[in-house]
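Results of the structural survey
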Amino acid sequence: MPRENLDKQIQQIEDEILVLGSMVEEAVFNSIAALKNRDEKKSHDVIIRDEKINEKRYAIENAIMILMATQSPFAHDLRRMSAMLIVANELERMGDYAKGIAKTNLRLGISDTPIPIKEIEKMAELGTNMLQRALTAFVEEDEKSAIKIPKEDDAVDDLFNSAYRTIVNSMIANPSVIDQASLVLWVVHNLERMADRVTNICERTIFIRTGELLEFDASDDETDSLDEMF
Amino acid sequence: MKNNELKIQSDHYAIETNFVNIYYGKFRAVKDVNLKIQPQKINAIIGPSGCGKTTILRAFNRMNDFILTAHLEGEILLHGQNIYHPDVNPVEVRRKIGMVFQRPNPFPKSIRENITWGVKINGYQGNLDDLVEESLRQSALWDEVKDNLDKSALSLSGGQQQRLCIARTIAVKPEIILMDEPCSALDPIATLKIEDLMRELSKLYTIIIVTHNMQQAARASDYTAFFTMDEDRAGVMVEYGETGLIFTRPTDKRTEDYITGRFG
């Protein structure tokens, strides 16, 4: 079969993308658990392990560059490789979000700032679940699933809005916690952005199949104003 | 249309084919080709062996007339005029539509005479020295040969000989330059020089290049036509479009399979 070697090499890189996805899921899970239990050691571990996520991302990028240079990809092969580059970048950014949550936990220190942990845990659960399925759809080039998954972002956005209001209300009720509560805003912001990046991964899956970049609209919510604030 | 004249009419396309079928005897080599070539662009024709690329290219300047068994049905229009009309002089066609071949084939004469011979035959009355310099400058060869114009063309390297052949073609002021795998006998550096030259020439001329080298088609052309062999072994045109789109998202699976090497 012609180009068997190329197909094999692409598959190896896709396996590495799935591994990177698992590392990111683990980082998110651990960063939230550390926050919930106020576990500083666990947060430190997440920060240190982010190095491994970065290394994996660059290894994937390097492998794709070599394939592009040596295999002269066109059409579907080219779209697949360029999409893999983008997805590796999205995953590395999600790893940064997990690291950001871990750093927030450290900065919160011993404060007893109220944290909307139920919403945060639920956002993380929904986001990582979406991520798993989006990556499976990506490697399988499952356009149908890639179109469906972004709709689940609405649930994450709803949780974000609810958590945001809780945090803002706590600031209003007790201005002395404003500094600390602002840090918690970062946590929910990162989880909301993570789900957005899952949507980007789905867009790339559709792009591989069709060659068209279909953008899923972000829903109107406090995200926009938060992005403007930060 | 008067004898020996091809009137230039303004037209959107440099050259068009209307349901062109080309036969060698009873065998149909090319089937129902409808191709509208974009003017003053580099147009590549790609496809597997036997798909009719060279046959259609040679039809553009009536080179197939030299093959006794070859005959063409349909029309090939140059600025709206059918070049196969009985009143058309094929020599005039070949002046307006020049050809560069796979193996450089300069005349066994001096560099200067390679350029002046064709124009003299066409009754050129102007300054030959100026024409020689202009043609050699346009083909990016002047600086390398200007002090040795009386040297034999055969003493030049392969890449230089090919550029001389291009200079020879453009000396008679064509509108279209056909190139049949012009770089396949050249090393990579000479190839890239020819491609750079094509880019410059396309500001003035329409270029149609047949190439087996997909990377060259992708790299060097503005538009690409993909031909393949149909079930009856006749060559058909599958699609023609902007090179960037053909090589990133072709519309036909046959094109996709060929350019990704999943062919056969």
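What counts, and at which threshold
Residues numbered from 1 in each chain as written. Chains lettered and ligands numbered in written order. Predicted model: local features only at pLDDT ≥ 70, side-chain atom pairs only at ≥ 80, totals over all residues. Helix = DSSP H or I, 4+ residues; strand = E, 2+ residues; numbered from the N terminus. Buried ≥ 20, exposed ≤ 12 C-beta atoms within 10 Å, placed from the backbone. Contact = placed C-beta atoms within 7 Å. Rg over C-alpha atoms; globule rule 2.2 N^0.38 Å. Nonpolar A, V, L, I, M, F, W, Y, C, P; charged D, E, K, R; others polar. Axes fitted to C-alpha atoms, helices over the stretch in contact; angles between N-to-C directions. Parallel < 35°, antiparallel > 145°, perpendicular 65-115°, else oblique. Left-handed = near helix turned anticlockwise from the far one by under 90°. Pairing = 2+ DSSP bridges. pLDDT = per-residue confidence, 0-100.

1. Here's the deal with the overall build of chain A
Across its full length, chain A carries eight helices and zero strands. When the elements of chain A are put in sequence order from the N terminus, they spell out α-α-α-α-α-α-α-α. C-alpha extents for chain A along the principal axes are approximately 70 × 35 × 25 Å. Taken across its 230 residues, chain A has 42% of its residues classed as buried. In chain A, once contacts between residues fewer than 6 apart in sequence are set aside, the share between residues at least 24 apart is 82%.

2. Some thoughts on the overall build of chain B
A count of helices and strands for chain B gives ten helices and ten strands. The globule rule puts the C-alpha radius of gyration for 264 residues at 18 Å, and the 18 Å found for chain B is close to it. If you line up chain B on its principal axes, its C-alpha atoms span 55 × 45 × 35 Å. Each of the 264 residues in chain B was classed as buried or not, and the buried ones make up 42%. Counted over contacts in chain B with a minimum sequence separation of 6, partners at least 24 positions apart contribute 70%.

3. Things to note about the environment of Thr69(B)
All names here are of chain B. Note that Thr69 resides in the loop between α1 (53–60) and β4 (70–78). Linking Thr69 and Ile194, residues 125 residues apart in sequence, is a C-alpha distance of 34 Å. Excluding residues that lie within four positions of it along the chain, Thr69 makes contacts with Tyr24 and Gly25.

4. A look at unusual backbone geometry
Residues other than glycine seldom take positive phi values, yet Ala75(A) does so here, at roughly 45°. As for its placement among the helices and strands, Ala75(A) is situated in helix α3 (residues 75–108). Under the C-beta neighbour-count criterion, Ala75(A) is labelled buried, with 21 such atoms within 10 Å. Backbone geometry at Ala140(B) places phi at a positive 55°, although glycine is not the residue there. With respect to the helices and strands, the residue Ala140(B) is situated in the loop between α4 (128–138) and α5 (142–145). Look at Ala140(B) and you get partly exposed, because 18 C-beta atoms sit within 10 Å.

5. Quick notes on the interface of chain A and chain B
On the chain B side, the residues contacting the ten residues of chain A number twelve residues. When the residues that make up the side of chain A that touches chain B are grouped by side-chain class, the tally is four nonpolar, three polar and three charged.

6. Some thoughts on the packing of helix α4 (residues 117–140) of chain A against helix α6 (residues 153–173) of chain A
Residues and elements named next belong to chain A. One way to put it is that α4 packs onto α6 with a least axis distance of 10 Å and a crossing angle of 160°. Our classification of the angle between α4 and α6 gives roughly antiparallel. In the crossing of α4 with α6, the sense of the turn from one axis to the other is left-handed. Contacts between α4 and α6 involve Glu119, Ile120, Lys122, Met123, Leu126 and Gly127 from the first element and Ala155, Val156, Leu159, Phe160, Ser162 and Ala163 from the second. A breakdown of the residues in the contact of α4 with α6 according to their chemical character gives eight nonpolar, two polar and two charged.

7. Considering the pairing of β4(B)
All names here are of chain B. Bridge count between strand β1 (residues 15–24) and β4: eight bridges; the pairing is antiparallel. Within β4, the residue paired with Asn18 across the bridge is Glu75. Bridge count between β4 and strand β5 (residues 81–82): two bridges; the pairing is antiparallel. Bridging from a neighbouring strand, Leu78 pairs with Gln81 of β5. Turn length for the β4-β5 hairpin, with the two strands adjacent in sequence and antiparallel, is two residues, and the turn residue His79 shows positive phi of about 50°.

8. Overview of the confidence of the model for chain B
Residues and elements named next belong to chain B. On average, chain B scores 92 in pLDDT, and the residues at 70 or more come to 95%. Highest mean pLDDT in chain B belongs to strand β8 (residues 206–210) (98); lowest belongs to β5 (92). For this predicted complex, the interface confidence comes out at an ipTM of 0.80, alongside a pTM of 0.86.

9. Some words on the pairing of strand β6 (residues 97–100) of chain B
Residues and elements named next belong to chain B. In β6, alternate side chains face the same way, and those of Ile97 and Met99 on one face and Gly98 and Val100 on the other are all buried. Sheet topology places β6 next to strand β7 (residues 176–180); four bridges connect them, and they run parallel. Residue Met99 lies in a different strand from β7, and its bridge partner there is Leu178.

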